[in-house]
Amino acid sequence: MQPIPRIEKPNPGRFYRRAGWLILIFNAYLLLEVTIIGPRYDLYAILGPMLMTLGYGVVFWPCCILCGTPLGLLFLMQAGKQPNTELSLQEHQHLQRC
């Protein structure tokens, strides 16, 4: 008798992990740009377009840092709680019929 093949569903934790790291890296770069890179080299690659397009970029970047860092950490924490799910072929066929 052959073993029942297993079908793995995509793990939703991968999305949360990638989104969390992306938000944290963006916030770290934005903070470095505003505190070190911008004043030293007169280069505002993200804050400059924010000021030009939004007009209220000065208010927007602190919100990005204050709200984005906990949100990124929350996404990373949520990614660790997502279990890996597997379906047997019988369960998969049953779900397709429903």
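Residues numbered from 1 in each chain as written. Predicted model: local features only at pLDDT ≥ 70, side-chain atom pairs only at ≥ 80, totals over all residues. Heavy atoms only, no water.

Draft legend 1. Quick peek at the nonpolar core. If you look at the biggest cluster of nonpolar residues, it comprises 7 residues: Leu30, Val34, Leu47, Met50, Trp61, Cys64 and Ile65. Examining the composition of this core, we find that 3 residues originate from one element, helix 3 (residues 57-81), more than from any other. What Val34 contacts, discounting residues up to four positions off in sequence, is Pro39, Leu47 and Trp61. (Core = buried A, V, L, I, M, F, W, Y, C linked by side-chain atoms within 4.5 Å. Buried < 20%, exposed > 50% of the residue type's maximum accessible area, 1.4 Å probe, protein only. Helix = DSSP H or I, 4+ residues; strand = E, 2+ residues; numbered from the N terminus. Contact = heavy atoms within 4.5 Å.)

Draft legend 2. Inspection of the side chain of Asn27 at higher detail. Topologically, Asn27 is positioned in helix 1 (residues 13-41). Of the residues examined, Asn27 reaches a relative accessible area of 4% and is grouped as buried. From its side chain, Asn27 meets the backbone oxygen of Gly68 in a polar contact 3.5 Å long. Each residue touching Asn27, except ones within four places of it in the same chain, is listed here: Cys64, Ile65, Gly68 and Thr69. (Polar contact = N/O pair within 3.5 Å; in protein donor to acceptor, adjacent residues only side chain to side chain.)

Draft legend 3. Here's a closer look at the state of the cysteines. Across all of its chains, the model carries 0 disulfides by this definition. Cys63 takes part in no disulfide bond, and the closest cysteine sulfur, belonging to Cys67, lies 5.6 Å away. Take Cys63: its relative accessible area is 41%, and that puts it in the partly exposed class. (Disulfide = S-S within 2.5 Å.)

Draft legend 4. Representation of the packing of aromatic side chains within the structure. A complete count under the given rule lists 2 aromatic pairs for this structure. Taken together, the ring pairs connect Phe15, Tyr16 and Phe75 into an aromatic cluster. (Phe/Tyr/Trp six-rings, centres within 6.5 Å; stacked < 30°, edge-to-face > 60°.)

Draft legend 5. Local environment of the environment of Tyr44. By the secondary structure assignment, Tyr44 is in the loop between helix 1 and helix 2 (47-54). In contact with Tyr44, not counting residues within four places along its chain, are Glu33, Gly38, Pro39 and Pro49.

Draft legend 6. Representation of unusual backbone geometry in the model. Even without glycine at this site, Asp42 takes up a positive phi of about 55°. Turning to its location among the elements, Asp42 is positioned in the loop between helix 1 and helix 2.

Draft legend 7. Quick look at the side chain of Glu33. Checked against the element boundaries, Glu33 lands in helix 1. Despite its burial, Glu33 remains without a salt bridge, the nearest opposite charge being carried by Arg40 at 15 Å. Among the polar contacts made by the side chain of Glu33, one reaches the main-chain amide nitrogen of Ala45 at a distance of 2.9 Å. Dropping the residues within four chain positions of it, Glu33 is found in contact with Gly38, Pro39, Leu43, Tyr44, Ala45, Ile46 and Leu47. (Lys, Arg positive; Asp, Glu negative; His and termini not counted. Salt bridge = Lys/Arg side-chain N within 4 Å of Asp/Glu carboxyl O.)

Draft legend 8. Main features of a nonpolar patch on the surface. Taken together, the side chains of Leu71, Leu74 and Met77 define a hydrophobic patch exposed on the protein surface, amounting to about 270 Å² of accessible area. Within the secondary structure layout, Leu74 lies in helix 3. (Patch = residues over 30% accessible without salt bridge, like charges linked within 9 Å, V, L, I, M, F, W, Y side chains within 5 Å. Areas by Shrake-Rupley, 256 points an atom, 1.4 Å probe, with all protein chains shown as cover.)

Draft legend 9. Spotlight on helix 1. Glu33 marks the point of greatest bend in helix 1, at about 55°. Within helix 1 the residues assigned to the buried category are Gly13, Ala19, Gly20, Leu24, Asn27, Leu30, Glu33, Val34 and Gly38. Looking one or two residues past helix 1, Asp42 carries a phi angle of roughly 55°, positive in sign. (Bend = angle between axes of the 7 residues up to and from the residue.)

Everything listed here is a matter of coordinates, which is why it stays silent on function.
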